[in-house]
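In case you want the letters, here they are:
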Amino acid sequence: GGGLALVLAESAVRGGVGCTVDGVGAFAELLSEAPSRVVLGTARPDEILDQAQAAGVPARVIGSAGGERIVVTGLLDLAVSDAVEAWRVALPGALGEPVTA
């Protein structure tokens, strides 16, 4: 679980690149796990929006990638390095294993 917040964190941790999201208006939307929702990263948002509209699929731009922070305007502001560290220790910690450097 975790919804959009988890997708953003995973993307930042794996790629080492932050993001700024300003298209999420409420904390509940950030954590929502609604079915059939897709988060897509692209350098061609206008083309993707046109294709979605032609297919009758609702779509919108919610932000952009870049920087050293994961920012959801008004809801979240976290350094990518902090997210990476938390991710690195989460599973071993949950399993009661020592975290190595």
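The structure under discussion appears in the preceding block.
Since the model is a prediction, treat every value here as computed from it, not as a measurement. (Residues numbered from 1 in each chain as written. Predicted model: local features only at pLDDT ≥ 70, side-chain atom pairs only at ≥ 80, totals over all residues. Heavy atoms only, no water.)

Engineer: Would you take a moment to explain the sheet that holds strand β3 (residues 69-72) for this structure?
Structural biologist: Hydrogen bonding along the main chain pairs the strands of a sheet, whether they run parallel or antiparallel. Spatial strand order, β2-β1-β3-β4: four strands in an open sheet with mixed pairing. Two strands close off the open sheet at either side, each with one partner strand: β2 (63-65) and β4 (76-79). Strand-to-strand twist of the sheet, defined as the mean angle between neighbouring strand axes without regard to direction, takes the value 0°. Sheet topology note: the β3/β4 ladder contains four bridges and is antiparallel. For I70, the partnering residue across the bridge sits in β4 and is L78. (Pairing = 2+ DSSP bridges. Helix = DSSP H or I, 4+ residues; strand = E, 2+ residues; numbered from the N terminus. Axes fitted to C-alpha atoms, helices over the stretch in contact; angles between N-to-C directions.)

Engineer: Teacher, can you tell me more about the nonpolar core here?
Structural biologist: In terms of nonpolar packing, the biggest core is built from 13 residues, with L4, L8, V21, V24, L30, I70 and V72 touching the most fellow members. Elements that contribute at least two residues to this core include exactly α1 (3-15), β1 (19-21), β3 and α4 (80-94). A total of four residues in this core trace back to one element, the largest contributor, which is α1. (Core = buried A, V, L, I, M, F, W, Y, C linked by side-chain atoms within 4.5 Å. Buried < 20%, exposed > 50% of the residue type's maximum accessible area, 1.4 Å probe, protein only.)

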